[in-house]
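Each chain, written out:
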Amino acid sequence: MNKQNLLTLTLILSGLVLTPAVAEVRVDMESAPTQTQNINHSVTSGISSVLYNRGLDEDVAEELAANFVEAEDEMFLSMLLQTLDAKNIVSHEEVLDYLSTAALHRQSIDFKSYDNLVGMVAKIKKCALDENTLKQLSYLSHINKQLFV
């Protein structure tokens, strides 16, 4: 009987001693950043994500985005979006929203064209563009035409 009480007491004490350590490990694991999958941050996936968030089926959204942006234009569009965002003309999210609407309506957009760039930015900003923005867009379209003939 004495050995049984000693064994019970040992188990209870070890449980009490180890409980704070286990709780501390669990708290650390919960607060640690979780590892996520490598997410594709391409223009196509951005358009697809916006369309999916608007209520389209995921497969349909991916198909519309893939049909809207050709594979060879993917890097060009990515650079263009970064440039427009860096020059504070329009944000990356605003352009993706505009592109998703164009993809949904199956419109084709030539991003090397000054007229299309001005039309896109004016539609996003919902106002007339100032002279400085027009000059920046002119310069961008001129560079784009030279790079991607």
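Since the model is a prediction, treat every value here as computed from it, not as a measurement.

Conventions we followed
Residues numbered from 1 in each chain as written. Predicted model: local features only at pLDDT ≥ 70, side-chain atom pairs only at ≥ 80, totals over all residues. Heavy atoms only, no water. Patch = residues over 30% accessible without salt bridge, like charges linked within 9 Å, V, L, I, M, F, W, Y side chains within 5 Å. Areas by Shrake-Rupley, 256 points an atom, 1.4 Å probe, with all protein chains shown as cover. Salt bridge = Lys/Arg side-chain N within 4 Å of Asp/Glu carboxyl O. Lys, Arg positive; Asp, Glu negative; His and termini not counted. Charge placed at Lys NZ, Arg CZ, Asp CG, Glu CD. Helix = DSSP H or I, 4+ residues; strand = E, 2+ residues; numbered from the N terminus. Buried < 20%, exposed > 50% of the residue type's maximum accessible area, 1.4 Å probe, protein only. Core = buried A, V, L, I, M, F, W, Y, C linked by side-chain atoms within 4.5 Å. Contact = heavy atoms within 4.5 Å. Axes fitted to C-alpha atoms, helices over the stretch in contact; angles between N-to-C directions. Parallel < 35°, antiparallel > 145°, perpendicular 65-115°, else oblique. Left-handed = near helix turned anticlockwise from the far one by under 90°. Nonpolar A, V, L, I, M, F, W, Y, C, P; charged D, E, K, R; others polar.

A. Here's a closer look at a negative patch on the surface. Taken together, Asp57, Glu58, Asp59, Glu62 and Glu63 make up a surface patch of like negative charges. With respect to the element layout, Glu58 can be found in helix H3 (residues 58–68). Given a relative accessible area of 43%, Glu58 falls into the partly exposed group.

B. Quick look at the pattern of salt bridges. Enumeration according to the criterion identifies two salt bridges in this entry. The closest approach of N and O atoms between Arg54 and Asp97, which form a salt bridge, is 2.3 Å. Here the residue Arg54 occupies a position in the loop between helix H2 (43–53) and H3, and Asp97 occupies one in helix H5 (residues 92–104), the gap between them amounting to 43 residues. What makes Arg54 partly exposed here is its relative accessible area of 38%. What makes Asp97 partly exposed here is its relative accessible area of 37%.

C. Just the nonpolar core, in detail. One finds Ile47, Leu84, Leu99, Phe111, Met120 and Leu137 to be the most contacted residues of the largest nonpolar core, which totals 32 residues. Mapped onto this core, the elements with two or more residues apiece are H2, H3, helix H4 (74–86), H5, helix H6 (114–125) and helix H7 (131–147). Sequence-distant contacts of Phe111, that is, excluding residues within four places in its chain, are made with Phe76, Leu77, Leu80, Leu99, Leu117, Met120 and Asn144.

D. Here's a closer look at the packing of H4 against H7. It is at 12 Å that the axes of H4 and H7 come closest, and there the two elements cross at 160°. Comparing their axes, H7 and H4 come out roughly antiparallel. Seen from above, H4 lies across H7 with right-handed handedness. Of the residues in H7, those touching H4 at Phe76, Leu80, Thr83 and Leu84 are Leu137, Leu140 and Asn144. When the residues that make up the contact of H4 with H7 are grouped by side-chain class, the tally is five nonpolar, two polar and no charged.

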